[in-house]
Amino acid sequence: MRLKLSLLTLFTIAVCGISQAQQKESVWKELSEVKYEIGEDEYGELYLPVFSDKVKQMEGKEVFADGYIIPFEGMFKPEHIILSSLPLAECFFCGSGGPETVMEVMLTDPIEYTSKRVRVKGKLKLNAKDPEKLMYILTDAELVL
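Residues numbered from 1 in each chain as written. Predicted model: local features only at pLDDT ≥ 70, side-chain atom pairs only at ≥ 80, totals over all residues. Heavy atoms only, no water.

(A) Geometry of the overall build of the chain. On a plain count of helices and strands, the chain comes out with three helices and seven strands. In the chain, the order of α-helices and β-strands from amino to carboxyl end is α-α-β-β-α-β-β-β-β-β. Counting all 145 residues of the chain, 33% fall into the buried class. Looking at the chain as shown, the accessible area adds up to about 10000 Å², and 56% of this sits on carbon and sulfur atoms. (Helix = DSSP H or I, 4+ residues; strand = E, 2+ residues; numbered from the N terminus. Buried < 20%, exposed > 50% of the residue type's maximum accessible area, 1.4 Å probe, protein only. Areas by Shrake-Rupley, 256 points an atom, 1.4 Å probe, with all protein chains shown as cover.)

Structure below.
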């Protein structure tokens, strides 16, 4: 009995340790560490992101992000999506979230639209200058199952 319990305990610890190592944390909490300053371009004033040192250190590194695909009518491209950390009703474009809650994702393989939560991984690129792009961009990204 004692041997069975010990083996079961060791097995449980091993499985939990493996699954925790495989489950990388989503990056959204760290990405919320951003402030804004007012800048100008040829069209007038705009808010420019000022990334924390922690966020700057993440640039170029592989990160994981969980979220929801934002379905822009006529604009969904299966290899270039907008991912929101919040459900559609709360996302930056539709509800109460800020610009730090969305990112552009450039996928290596196209995916089908889904309203369910998805998980992606890719290299983080920061954008503080181009107002035509979001401030967070994942490149070389792939869907994680």
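(B) Representation of the sheet that holds strand 7 (residues 136–143) in the model. Pairing in this closed barrel of five strands is mixed, and the strands run 3-4-5-7-6 around the ring. Shown here is a sheet whose adjacent strand axes are inclined to one another by a mean of 50°, direction ignored. Taken together, the six bridges between strand 6 (residues 118–126) and strand 7 define a ladder with antiparallel strand orientation. Paired with K123 across the strands is T139, a residue of strand 7. (Pairing = 2+ DSSP bridges. Axes fitted to C-alpha atoms, helices over the stretch in contact; angles between N-to-C directions.)

(C) Representation of a nonpolar patch on the surface. Taken together, Y36, I38 and Y47 make up a surface patch of nonpolar side chains, about 350 Å² in accessible area. Residue position: Y36 is located in strand 1 (residues 34–41). (Patch = residues over 30% accessible without salt bridge, like charges linked within 9 Å, V, L, I, M, F, W, Y side chains within 5 Å. Salt bridge = Lys/Arg side-chain N within 4 Å of Asp/Glu carboxyl O.)

(D) A look at unusual backbone geometry. Even without being glycine, D140 reaches a positive phi, approximately 50°. Relative to the helices and strands, D140 is located in strand 7.

(E) Spatial organisation of the environment of P87. As for its placement among the helices and strands, P87 is situated in the loop between strand 4 (80–84) and strand 5 (102–107). Overall, P87 belongs to the partly exposed group, its relative accessible area being 35%. Measuring from C-alpha to C-alpha, the distance between P87 and Y68 comes to 6.1 Å, with 19 residues separating the pair along the chain.

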